[in-house]
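# Commentary on secondary and tertiary structure
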Amino acid sequence: MSDKDWWRGAVIYQIYPRSYMDSNNDGIGDLNGITQKIDYIAALGVDAIWISPFFKSPMKDYGYDVADYRTVDPSFGTNEDFVKLLDEAHARNIKIVIDIVPSHTSDQHEWFQASRQNRTNDKTDWYVWADPKPDGSAPNNWQSFFGGPSWSYETRRGQYYLHNFLPEQPDLNLWNPAVQDALLEEMRFWLELGVDGFRLDAIMCMFHGQDLRDNPAADNPEPARFNIDFPTPHSMQDHVNDHIIQPGVEFSERIRALLNEYDNRMAVAEVGGGDGINLAIRYTEDDKKLQTAYHFGLLSHEPLTPAFIRSNIEEFENAGSQSWPSWAFTNHDVVRATTRWGGEGQETEPQYAKFLMALLGSLRGSTFIYQGEELGLPEAHIAFEQIQDPWGKFLYPLWQGRDGCRTPMVWDDMKPHAGFSNGDSTWLPIDPRHPALAASLQDADKASTLNFTRDFLAWRKTRPALIKGDIEFIDCDNADVLCFKRTHENERLFCAFNFTENEVTVTPAIAVSESALLSDTNMVGKNNGGAITLPPFGCYFANAR
């Protein structure tokens, strides 16, 4: 694998900096806290770190409302602290990918502060402005993700401005070439500092339909994401007029051209929507576009079954594209996978967390692991008065929002706030179930989820087929078992996963060696003359004949 393709099949560890490690005792994680834990991260065996936004922000959406793309927010430290983290990571051969928000800014950004003043300033068309209807109402029916119309009125201009998220997150007008140029220069600033890549937030929201036509109703409105049982106003619309894809694809080519000016840099796009796989491919389908993209296909609340995994992977593979996929089970926006799929019966069971880690790391594509996934953390419970997430405040009591996956990491069960902070309090509470899963305890337990993750990722590095090989699903005689083959050059690796809490025996439609290649006795099955016995939530890796 050449250096420029380091991201292909890489394991990328996502850090939500506000909740990783607090170095100055204010109850908020920071960049120096990440630096303090860099050896822990290196010991995991990951190839890169993706850090969620740490730029200057009023924190209405906790960093995804950027007030200054070039300055570290004081709550996270300084630009010098970031450079130190970058240097320490690079010294350990760990890449750093940072989160860029290209579709919108904070309403406190100097660009918007200028744009909102009048219709004649030099930033007048840097955001999306529209006149009211004759009756004074909003220009159309577009709905925001976080509840309510996507339009807010600005008296100084006598116009509405567009915001796909909070009113404090006005949408940039990327139809304006000057705005594109400005965003590219913000990215260049960080490339010059030495970052290895970008994660591009909500890339499908970058462009709007300039004719401002109403969105039609969705033909079959689905429940909103996560665990809400019915549609929200946003999910009841077909977003064909407020989310225009093709110009975003074209802008992605400009981002790729910028990356190509530097050695070994990459970008991964986040795409949402019901057609996520095809959208991911559109943004990445040739060498002029972005290197990879991930979507919410495996971040959903659909039951975890072999058929669910296979259908997502095969849909991507059968599209006939050269695109390289990225997969995640958990991130800062969704209910943690152990809870989402494991429920009360499995959400704190190490065997289940190990199963998810092995499965994710065996799929064809780049692997994104979210902080705490290596500990098997379940979703935290958040009381209403403790909710910080604006989406959670909107949807409560149906859903507590995204705070449940954003609570502080647990480092040491014997220290205050489980070793996350020595401050009086933390910005979000620590779930009382989490300290029992602290890194200090798991580090000392050879059978822990943490040590399994370390061992599995170290073993994965020795298997080119898992890193960059093709994938072919293999039929077997049990619908609760997923079997597939990963192939790269002369290596053919058979993989099997038991999705149940019962021991099962299967006979795959392929001959495999009887020697298992992974030795964890609690996880790995046995081959008896072609019949493979898998323990509950177990797996089996062997050479395919």
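An account of the accompanying structure is given in this report.

Rules used throughout
- Residues numbered from 1 in each chain as written.
- Predicted model: local features only at pLDDT ≥ 70, side-chain atom pairs only at ≥ 80, totals over all residues.
- Heavy atoms only, no water.
- Helix = DSSP H or I, 4+ residues; strand = E, 2+ residues; numbered from the N terminus.
- Rg over C-alpha atoms; globule rule 2.2 N^0.38 Å.
- Contact = heavy atoms within 4.5 Å.
- Areas by Shrake-Rupley, 256 points an atom, 1.4 Å probe, with all protein chains shown as cover.
- Lys, Arg positive; Asp, Glu negative; His and termini not counted.
- Charge placed at Lys NZ, Arg CZ, Asp CG, Glu CD.
- Pairing = 2+ DSSP bridges.
- Axes fitted to C-alpha atoms, helices over the stretch in contact; angles between N-to-C directions.
- Parallel < 35°, antiparallel > 145°, perpendicular 65-115°, else oblique.
- Left-handed = near helix turned anticlockwise from the far one by under 90°.
- Nonpolar A, V, L, I, M, F, W, Y, C, P; charged D, E, K, R; others polar.

We now examine the overall build of the protein. Summing up its helical and strand segments, the protein has 14 helices and 20 strands in all. A globule of 545 residues ought to have a C-alpha radius of gyration of about 24 Å, and the protein, at 23 Å, matches this closely. Seen along its three principal axes, the alpha-carbon backbone of the protein occupies a region of about 80 × 50 × 50 Å. The contacts of the protein with a sequence gap of at least 6 include a subset with a gap of at least 24, amounting to 69%. As presented, the protein carries roughly 20,400 Å² of accessible surface, and 46% of it is formed by carbon and sulfur atoms. With 47 positive and 79 negative side-chain charges, the protein shows a spacing of 4 Å between the two charge centroids.

Here the focus is the sheet that holds strand S15 (residues 481–488). On the basis of which strands lie adjacent, the open sheet formed by 4 strands has the order S14-S15-S16-S20 and antiparallel pairing. Here the strands that pair on one side only, and so sit at the sheet edges, are strand S14 (470–473) and strand S20 (539–543). With direction set aside, neighbouring strand axes in the sheet form an average angle of 20 degrees. Of the strand pairs in this sheet, S14 and S15 are connected by 4 bridges, and their pairing is antiparallel. Opposite Phe 473, over in S15, you have Phe 484 as the bridge partner. Of the strands in this sheet, S15, strand S16 (491–498) and S20 are in contact with helix H10 (residues 350–360), which crosses S16 at around 150 degrees.

Okay, the packing of helix H5 (residues 177–193) against helix H6 (residues 246–259) next. How two helices pack is summed up by the angle between their axes together with the distance between the axes. Two numbers describe how H5 lies on H6: the axes approach to 11 Å, and their chain directions differ by 30 degrees. Taken together, the axes of H5 and H6 lie roughly parallel to each other. Judged by the twist between their axes, the crossing of H5 over H6 is right-handed. Two secondary-structure elements touch here, H5 through Pro 177, Gln 180, Asp 181, Leu 183, Leu 184, Met 187, Arg 188 and Leu 191 and H6 through Phe 251, Arg 254, Ile 255, Leu 258 and Leu 259. Considered class by class, the residues forming the contact of H5 with H6 number 9 nonpolar, 1 polar and 3 charged.

Moving on: the side chain of Gln 346. Along the chain, Gln 346 falls in helix H9 (residues 337–346). The residues contacting Gln 346, other than those within four sequence positions of it, are Thr 338, Tyr 352, Glu 501 and Phe 537.

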